[in-house]
Amino acid sequence: MDRTLPTRAQVVIVGGGVIGCSTAYHLAKRGWTDVVVLERKQLTSGTTWHAAGLVTQARPTFGTREIVQRSLEVFRTLEADTGLSTGYERTGTLHLATRADRWEELRRQASVSRGHGIRTQLLGPDSTAELFPLLNPDGVVGSLYYPDEGRGNATDTTMSLARGARQRGVQIFENTKVTGVIRRDGRAVGVSTESGDIEAEYVVNCTGMWGREFGALAEVEVPLQALAHYYVVTEEIPGIPHRMPTLKSSDDYSYVKDESGALMVGFFEPGSKAWSSRGIPEDAEFTRIPEDWDHLGPFYEQMIERVPVLADAGIRLCFNGPESFTPDGFYHFGDVPGLRNYYLAAGFNSVGFLSGPGAGSVLADWIIDGRSPIDLPETDPRRIQRHETNRRFLEQRVVETLDLAYTVHWPFEQRQSARALRRSPLHERTAAAGAVFGELIGWERANWYAPEGVEKTYAYSFGRQNWFEHSAAEHRAVREGVGMFDLSSFGKLLVQGRDAERLLQRVSANNVAVANGRTVYTQWLNESGGIEADVTVTRLDDDRFLVLSGPATVRRDEDWLRRHIGPDDFATVADVTGTMALLSVMGPDSRRLLQPLTDADLSNEAFPFGTSREIDLGLGFVRATRITYVGELGWELLIPAELAVHIYDTLTEAGRELGLRHAGYHALNSLRIEKAYRSWGHDISGGDTPLEAGLGFAVAWDKPGGFVGREALLQQREQGVTRRLVQFVLQDPDAFAYHDEPIHRDGELVGRVVSAMYGHTLGGCVALGWVTLPAGTERAAYERGAYEIEIATERVPARASLRPLYDPKSERPKS
């Protein structure tokens, strides 16, 4: 191998594990061979080398399952291309249930997987034991079998990828530490090493558990933390079958697979510990952490009950190695905020081997084509919040990520660690009113309100949870009277300067060149016409605009705006979220509540829908915007933080005689979904266009200067769409969909649910889902046919509509 570093390369990949080598391999396969891989020690020496090798498809989102499908294709074809085996063999996987709630989770998982084209079988205890004869079937309810899954060798796979990359011209340098990232004009333009600099068009961070430290060299925030992660390998056990399915017993926090006549028992147990949180040792390579049998022993003994042959088996290896996890359990994958041409692929939460070959394939396409071939908003590095890189936060929250990995994944489950971080100015007031708080990106948010005497806690289930009726009462108050939401966590971006209008016109599909005091609902699109943001834009005056965004998307939206500020534009963008509280007063009686408290005329004629003005309220002033996310008459009140408590007290005092009710985010969700209002990152994202999503009404096709994505959208309008976002209401009032359930039309699989919530006005679970029909299908046909949504292997009849099933003409908000 040539040991002289080149002075330039088209792409520099930092990190020689499975993901870095896969990215290099797939770039080279597409003809980009001017690629350099830099590894600080030896290939695989970070965490790849000790991966257990499981390849499972039960991932939590459509996009992450697609990544695994690409990985499986690599496992099927790589050896023929390179001549080096990956060690992959198809054995299948059995997911065990020993409790009723786990069995329901597996049945729901079976439906989701089948909807993705993944083969599964639900088996009883006897059939499960036939496939895994070492199992003690006592207490087993059943299992979910994935026959097409398997396992491989992580080191062999990485070396095969590296060979395939080298054969095509990629240069790989081991024992080469990168000491810095060279930045120029907001772009990554190269790296510095101990042996010199390399100029590059693209820099890719595949540094695994070093991701946070390496990211910091380029001022890129990468929240991840290495945790102690265990498996045990027994001595050889005579007579055990070869190539049994991998047995995953989540109720025991463990998995078991046969390995060369022995058994490997791996653990995703609660109570792990952060490793080297103050910085990974400089000499770390093929790292092993001292074992802690006092911690691990009880979990191993629990598995002896499940697989009794373990009781008499000697232990050849008790392995404890570092594995990086993230605060929300999703990896960090894609381009990063604030720095162009820098890509990140790190923090894979112990699924790096099974995701890595596919992730490298996707990342190569992304770099070459300029956009991801798979929609992955859940892994977007722009979701990251600054506090998530705090060492003490990571030590608490990331341990909880591993704690929850093998527990039942409940709808609406709330994290318990590292809480009480970001609070609304009204936190104490809403807490006193009975708020039960959830958490989103550090914000404490009132999800529902517990009446006096009701415990402020969650009791999880897959059906009606303990807050169901209380949230229903909040929902009905907004529909029939008046309710008040504390939405202070919503993102607020102040865009100002001489060219603020030009900037916003460029990125907005709708026309925001409106009169002062008007609010416009719009999407921001990419060049392919996909929806990158879903926001409202309020014109404050000639050169100032306020953008309202979701709490989890405000940082990505800020980055999107900054990327589109041209060199000659005089415009600034500032996140002012924390400077203002936001109270949403909604319902038919909202005008009756607000009008006596202000001198402003709130009549329909004087204050029409879409108007935004500063008005007096109580003893202060607020910005009142007549808009809605619940489908009722109402105003959103932006309040200076220091006045928030006074305004809140004024409203609650005046609201007593009208029956004003506090309402939380669960009610907000049930109200918005009845009205079929979209939620970015759930219903729509960068792979969906306004025409497909039913948002064509918010496109100003002929506005002067056009907008980003207009040409792609015009082409789609000419050719027609083949998929649409459809609203459904389930006909069984006791059926609950949540996410990813398959949609069937006349017995054929046609799509999947993307969000769902019980609609208390419509009297059933309401879902939004993407439906794909043949090209040329007329719009009305999407509503016809016998629709069913599959939940836990049962098909539930559903009514479909392209118009909102609640108030389809949108008369109520404008009354």
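Higher on the page you've got the structure.
The model shown is predicted, which means the values in this text are computed figures rather than measured ones.

## A short note on the overall build of the protein
Thought 1: When helices and strands are tallied, the protein shows 17 helices and 38 strands.
Thought 2: A globule of 815 residues ought to have a C-alpha radius of gyration of about 28 Å, and the protein, at 27 Å, matches this closely.
Thought 3: On the principal axes, the C-alpha backbone points of the protein span a range of 85 × 65 × 55 Å.
Thought 4: Residues counted as buried form 62% of the 815 residues belonging to the protein.

## Side note on the nonpolar core
Thought 1: I13, L27 and F333 are the most contacted members of the largest nonpolar core, which totals 38 residues.
Thought 2: Elements with a contribution of two residues or more to this core: β1 (8-14), α1 (18-29), β2 (35-38), α2 (62-82), α5 (154-167), β12 (196-205), β19 (339-346) and α8 (352-369).
Thought 3: Grouped together as the second largest cluster of nonpolar side chains are 34 residues, W210, I237, F267 and Y300 included.

## Brief notes about the packing of aromatic side chains
Thought 1: Counting across every chain of the model gives 28 aromatic pairs.
Thought 2: With a centroid separation of 6.4 Å and 50 degrees between ring planes, the pair formed by Y255 and F268 is classed as tilted. Taken together, the residues span a long stretch of sequence, with Y255 in strand β15 (residues 254-259) and F268 in the loop between β16 (262-267) and α7 (293-306) at a distance of 13 residues.
Thought 3: Ring geometry for F728 and Y787: centres 5.2 Å apart, planes at 65 degrees, overall edge-to-face. Placement of the pair is F728 in strand β33 (residues 723-730) and Y787 in strand β37 (residues 787-791), with a sequence separation of 59 residues.
Thought 4: Taken together through their ring pairs, the aromatic side chains of W32, Y202, Y331, F333, Y343, F348 and W366 make up a single cluster.

## Structural notes on the pattern of salt bridges
Thought 1: Inspection of the entire model under this criterion finds 59 salt bridges.
Thought 2: R479 is the partner of E632 in a salt bridge, and the nearest nitrogen-oxygen pair spans 3.0 Å. Here E632, found in the loop between β30 (620-625) and β31 (634-640), pairs with R479, found in helix α11 (residues 468-480); they are 153 residues apart in sequence, far enough to count as distant.
Thought 3: Given the relative accessible area of 1%, E632 is considered buried.

## Considering the sheet that holds strand β34 (residues 742-745)
Thought 1: Strand order in the closed barrel formed by six strands is β33-β36-β35-β34-β37-β38, with antiparallel pairing between adjacent strands. The average undirected angle you get between the axes of adjacent strands in this sheet is 40 degrees.
Thought 2: Where β33 meets strand β38 (residues 794-801), four bridges bridge the pair, whose relative direction is antiparallel. Residue Q727 lies in a different strand from β38, and its bridge partner there is S801.

## A short note on the environment of T761
Thought 1: By the secondary structure assignment, T761 is in the loop between β35 (748-759) and β36 (764-772).
Thought 2: Residue T761 is classed as partly exposed on the basis of its relative accessible area, which comes to 38%.
Thought 3: For the pair formed by T761 and S670, sequence separation is 91 residues and the distance between their alpha carbons is 9.1 Å.
Thought 4: Not counting the four nearest positions on each side in its chain, T761 is found in contact with H475, R479, E674 and Y806.
Thought 5: A distance of 3.4 Å separates the side chain of T761 from the side chain of R479, its partner in a polar contact.

## With respect to α1
Thought 1: Given a rise of 1.5 Å per residue, twelve residues ought to cover 16 Å, and the 16 Å separating the end C-alpha atoms of α1 matches this to within 8%.
Thought 2: Burial within α1 is extensive, with eleven of its twelve residues counted as buried.
Thought 3: Within α1, the full set of buried residues consists of V18, I19, G20, C21, S22, T23, A24, Y25, H26, L27 and A28.
Thought 4: In this fold, the buried residues of α1 make contact with β1, β2, α2, α5, β19 and α8.
Thought 5: Among the residues trailing α1, G31 stands out with phi positive, at a value near 100 degrees.

## Remarks on the environment of V11
Thought 1: Positionally, V11 belongs in strand β1.
Thought 2: Residue classification places V11 among the buried residues on the basis of a relative accessible area of 0%.
Thought 3: The spatial distance from the C-alpha of V11 to the C-alpha of G190 is 8.7 Å, given a sequence separation of 179 residues.
Thought 4: With residues up to four places along the chain from it excluded, the contact list for V11 reads L27, W32, D34, V35, V36, Y202 and V204.

## Considering unusual backbone geometry
Thought 1: A positive phi angle, near 60 degrees, is found at R243, a position not held by glycine.
Thought 2: With respect to the helices and strands, the residue R243 is situated in the loop between β13 (225-234) and β14 (246-249).
Thought 3: You will see that D807, though not glycine, has its phi angle at about 50 degrees, which is positive.
Thought 4: Here D807 is to be found in the segment after β38.
Thought 5: For D807, a relative accessible area of 12% gives the class buried.

## Quick word on the side chain of N510
Thought 1: Assignment of secondary structure puts N510 in the loop between α12 (500-507) and β24 (519-525).
Thought 2: A polar contact is formed between the side chain of N510 and the backbone oxygen of Y521, at a distance of 2.9 Å.
Thought 3: The contacts of N510, once residues within four sequence positions are left out, are Q505, V520, Y521, T522, A698, A700 and K703.

## Re the packing of α1 against α8
Thought 1: Their axes nearest at 7 Å, the elements α1 and α8 cross at an angle of 40 degrees. One way to sum up the angle between α1 and α8 is to call them oblique. In terms of crossing hand, the pair formed by α1 and α8 is right-handed. Side by side, α1 and α8 meet where V18, I19, S22, T23, H26 and L27 of the first sit next to G352, F353, G356, P357, G360, S361, L363, A364, I367 and I368 of the second.
Thought 2: Class assignment for the residues of the contact of α1 with α8 results in nine nonpolar, seven polar and no charged.

## Thoughts on the sheet that holds strand β17 (residues 315-325)
Thought 1: Pairing is mixed across the open sheet formed by eight strands, whose spatial order is β6-β7-β5-β14-β15-β16-β13-β17. The strands lining the two open edges of the sheet, one partner per strand, are β6 (121-123) and β17. Across this sheet, the average inter-strand angle for adjacent strands is 20 degrees, counted without regard to direction.
Thought 2: As paired strands, β13 and β16 are joined by three bridges and run antiparallel to one another. Paired with Y231 across the two strands is G266, which belongs to β16.
Thought 3: Those strands touched by α7 are β5 (93-97), β13, β14, β15, β16 and β17, and its axis lies near 45 degrees from that of β13.

Conventions and cut-offs
- Residues numbered from 1 in each chain as written.
- Predicted model: local features only at pLDDT ≥ 70, side-chain atom pairs only at ≥ 80, totals over all residues.
- Heavy atoms only, no water.
- Helix = DSSP H or I, 4+ residues; strand = E, 2+ residues; numbered from the N terminus.
- Rg over C-alpha atoms; globule rule 2.2 N^0.38 Å.
- Buried < 20%, exposed > 50% of the residue type's maximum accessible area, 1.4 Å probe, protein only.
- Core = buried A, V, L, I, M, F, W, Y, C linked by side-chain atoms within 4.5 Å.
- Phe/Tyr/Trp six-rings, centres within 6.5 Å; stacked < 30°, edge-to-face > 60°.
- Salt bridge = Lys/Arg side-chain N within 4 Å of Asp/Glu carboxyl O.
- Pairing = 2+ DSSP bridges.
- Axes fitted to C-alpha atoms, helices over the stretch in contact; angles between N-to-C directions.
- Contact = heavy atoms within 4.5 Å.
- Polar contact = N/O pair within 3.5 Å; in protein donor to acceptor, adjacent residues only side chain to side chain.
- Expected span 1.5 Å × (residues − 1).
- Parallel < 35°, antiparallel > 145°, perpendicular 65-115°, else oblique.
- Left-handed = near helix turned anticlockwise from the far one by under 90°.
- Nonpolar A, V, L, I, M, F, W, Y, C, P; charged D, E, K, R; others polar.

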